[in-house]
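Given next are the chains, with one letter for each unit.
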Amino acid sequence: MSRARDFGNQLYSGERSFNFVARRKTWYIIGAVAVILALLLPIARGGFNFGIEFRGGSEFRLTNSQELPHQLAVDVISEISPGSQVNVTDVGLADIRIQTEQLVDVESERARVALAAAYGIEDAAVASSFIGPNWGADVTNQALMGLVVFLILVSLLIAVYFRSWKMSVAAVLALAHDLILTAGIYAAVGFEVTPAAVIGFLTILAYSLYDTVVVFDKVRENTLEVEYSETRTFGEMVNLAVNQTLIRSINTSVVAVLPVASILFVGSLLLGAGTLRDIALALFVGTIVGTYSSIFLAAPIYAHLRESEPTLKKAADKVFASRA
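Quick caveat, the model's predicted, so the values are computed rather than measured.

Q: How would you sum up the pattern of salt bridges? Please name residues and give values.
A: A complete count under the given rule lists 7 salt bridges for this structure. For Asp-217, the salt bridge identified is with Arg-220, shortest N-O distance 3.0 Å. Separated by 3 residues within a single helix, Asp-217 and Arg-220 lie in helix α8 (residues 195–222), roughly one turn from each other. Residue Asp-217 is classed as partly exposed on the basis of its relative accessible area of 32%. What emerges from the salt-bridge pattern is a single network uniting Lys-166, Arg-306 and Glu-309.

Q: Requested: an account of the packing of aromatic side chains, with residues and values cited.
A: For the structure on display, the rule yields 9 aromatic pairs. On the numbers, 6.1 Å between centres and 50° between planes, the contact of Phe-18 with Phe-20 is tilted. Residue classification places Phe-20 among the buried positions, given a relative accessible area of 6%. Centroid distance Phe-216 to Tyr-302: 5.7 Å. Interplanar angle 50°. Geometry classified as tilted. Of this pair, Phe-216 sits in helix α8 while Tyr-302 sits in helix α11 (residues 274–306), and the two are 86 residues apart along the sequence. The same class applies to Phe-216 as to Tyr-302, namely buried. Ring-pair connections join several aromatic residues into one group, and the members of that group are Phe-18, Phe-20, Trp-27, Tyr-292 and Phe-296.

Q: Break down the nonpolar core for me, citing the residues and quoting the values.
A: Within soluble globular proteins, side chains that are nonpolar tend to cluster in buried spots. Counting residues in each nonpolar core, the largest one holds 54 residues, and the members touching the most others are Tyr-186 and Phe-216. When residues of this core are assigned to their parent elements, the largest contribution, 14 residues, is made by α11. Apart from the residues lying within four places of it in its own chain, the contact partners of Phe-216 are Phe-162, Met-167, Ala-170, Ala-171, Ala-298, Ala-299 and Tyr-302. Residues Leu-103, Ala-111, Ile-121 and Val-126 belong to the second largest nonpolar core, which totals 18 residues.

What counts and what doesn't
- Residues numbered from 1 in each chain as written.
- Predicted model: local features only at pLDDT ≥ 70, side-chain atom pairs only at ≥ 80, totals over all residues.
- Heavy atoms only, no water.
- Salt bridge = Lys/Arg side-chain N within 4 Å of Asp/Glu carboxyl O.
- Helix = DSSP H or I, 4+ residues; strand = E, 2+ residues; numbered from the N terminus.
- Buried < 20%, exposed > 50% of the residue type's maximum accessible area, 1.4 Å probe, protein only.
- Phe/Tyr/Trp six-rings, centres within 6.5 Å; stacked < 30°, edge-to-face > 60°.
- Core = buried A, V, L, I, M, F, W, Y, C linked by side-chain atoms within 4.5 Å.
- Contact = heavy atoms within 4.5 Å.

Shape is all these values report; function is a separate question.
As structure tokens, then:
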């Protein structure tokens, strides 16, 4: 514990430092490769696995039926609607959920009765419902609208609070990086994209923004009158701010990731709860990626955008001359 405290104090004072800003080209390359892979993954897998809420379809839920194989449900639906894609998942400890393409009323009722007979349960123990494609399209449009409004408000808020549009650009680029990577990993593992997953995406954007704002607040404090400094350049002051908030960012991330990992494990393996699993995966990946981007991307991008300003460039030359 004492060593960890000493290490944190050394980072804060500048006695020990990781040079994040000077190595920004390395982080840019890593980020660009990760984003390209995240964009290619959905294409390689044939697109995202959208849930019934987005693509529309029919759903059946059977109670106390997990003792029997899922293939029974697949055979029943395939017999009534040949060629339909059938998705069967466990819900909780005893129920199963069956999702397929939208069936007409007659087919839906036949499927409900046939499922009850196949699993040896009462007809009343099989609940059926359907979601039309128009409702799914409305959900998609509202989700995209919410994302756009969120990014616009975030940009304006950061620009006003920090009095710097370049901080807004750096923050939004980091947020876009987080969103694309999280979506790419979602496509890679094949989890369904549900409204719960969309909520998770928006939540991790808020977390990433929070971590970035903490770093930027320290950057603003360190660079308040940096043009008069004779010991550190603007980029070095930004790097010092990142190091000063490094331990805090890691601790916050660990504290956030551990309970989310527990939810992901319990939701996926023990309870089979789709909603818990969907939102937990987005939160788990997004929290880790958000912490990475606030340290390795947001602050270095901001330093990159400002270092070429004449005042800061002149101040940097003065620092280098004094060292020589």
